Amino acid sequence: QMWLVQSGGGVAQPGGSLRLSCTANGYIGSAYDLAWYRQVAPNPREFLAKITTGGRTVYADSVRGRFTISRDNRLKSVYLQMRSLRPEDTAVYFCSYTGGDGSSSWGPGTQVTVSS
């Protein structure tokens, strides 16, 4: 069994930056993808970025060039550096884990608010 613990988030002004962190705990496989999503209720979760075990990244058009996903395999962690934040980036942000065996898990979510 594994679970994800998130940290970071909070309030930023438009144009500002925030960094999100997510750490996997418990048993994880040797190959797994980590990703970030966000959600503004009642809409479904929106994919933002993904990073594979080998470091290949994929970004949604809405955040490409502003957000950067990275990971530290030794720490079993994934990060989302968010720059040039906009009010429309306000949402609850979730990290996700997808194992090579098809297993998956979500973090609990953290609120990001962009407001002046």
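Heads up: the structure comes first, above all this text.
Residues numbered from 1 in each chain as written. Predicted model: local features only at pLDDT ≥ 70, side-chain atom pairs only at ≥ 80, totals over all residues. Heavy atoms only, no water.

Colleague: Even after reading the chapter, I still don't get the state of the cysteines, so can you show me in this structure?
Modeller: A disulfide bridge is the covalent bond that connects two cysteines by way of their sulfur atoms. For the structure on display, the rule yields one disulfide. One disulfide in the model links Cys 22 with Cys 95; its S-S distance is 2.0 Å. Taking the torsion about the S-S bond as the criterion, the Cys 22 to Cys 95 disulfide, at about 60 degrees, is right-handed. Of this pair, Cys 22 sits in strand β3 (residues 18-26) while Cys 95 sits in strand β9 (residues 91-99); the two residues are 73 residues apart in sequence, bridging distant segments of the chain. For Cys 22, a relative accessible area of 2% translates into the label buried. Taking the relative accessible area as the measure of exposure, Cys 95 reaches 0% and is therefore buried. (Disulfide = S-S within 2.5 Å. Helix = DSSP H or I, 4+ residues; strand = E, 2+ residues; numbered from the N terminus. Buried < 20%, exposed > 50% of the residue type's maximum accessible area, 1.4 Å probe, protein only.)

Colleague: What's the story with the sheet that holds strand β8 (residues 77-82) in this structure? I'm lost.
Modeller: One key point about sheets: their strands pair by backbone hydrogen bonds, in either a parallel or an antiparallel sense. An order of β1-β3-β8-β7 is seen for the four strands of this open sheet, with the pairing classed as antiparallel. Each edge of the open sheet carries a strand with a single partner, namely β1 (2-8) and β7 (67-72). Each strand of the sheet is rotated relative to its neighbour by a mean of 15 degrees, with strand direction disregarded. Inspection of the sheet shows β1 paired to β3 by seven bridges, in the antiparallel sense. Counterpart to Met 2 in the pairing with β3 is Gly 26. (Pairing = 2+ DSSP bridges. Axes fitted to C-alpha atoms, helices over the stretch in contact; angles between N-to-C directions.)

Colleague: How should the environment of Ala 91 be read in this particular structure?
Modeller: Residue position: Ala 91 is located in strand β9. Residues Ala 91 and Thr 57 lie 34 residues apart in sequence; the distance between their C-alpha atoms is 22 Å. Ignoring sequence-local partners within four residues, the contact set of Ala 91 consists of Arg 38, Gln 39, Val 40, Thr 110, Gln 111 and Val 112. (Contact = heavy atoms within 4.5 Å.)

Colleague: Whenever I open this one, the pattern of salt bridges confuses me. Can you help?
Modeller: If charged atoms from side chains of opposite charge come close, those side chains can pair. Scanning all chains against the criterion turns up five salt bridges. Ionic pairing is found between Asp 33 and Lys 50, a salt bridge with its closest N-O pair at 4.0 Å. Placement of Asp 33 in strand β4 (residues 32-39) and of Lys 50 in strand β5 (residues 46-51) is noted, with a sequence separation of 17 residues between them. The residue Arg 38 makes a salt bridge to Glu 46 at a minimum N-O spacing of 2.8 Å. Where salt bridges share partners, they join Arg 38, Glu 46, Arg 66 and Asp 89 into one cluster. (Salt bridge = Lys/Arg side-chain N within 4 Å of Asp/Glu carboxyl O.)

Note that all results are geometric; they support no functional claim without further evidence.
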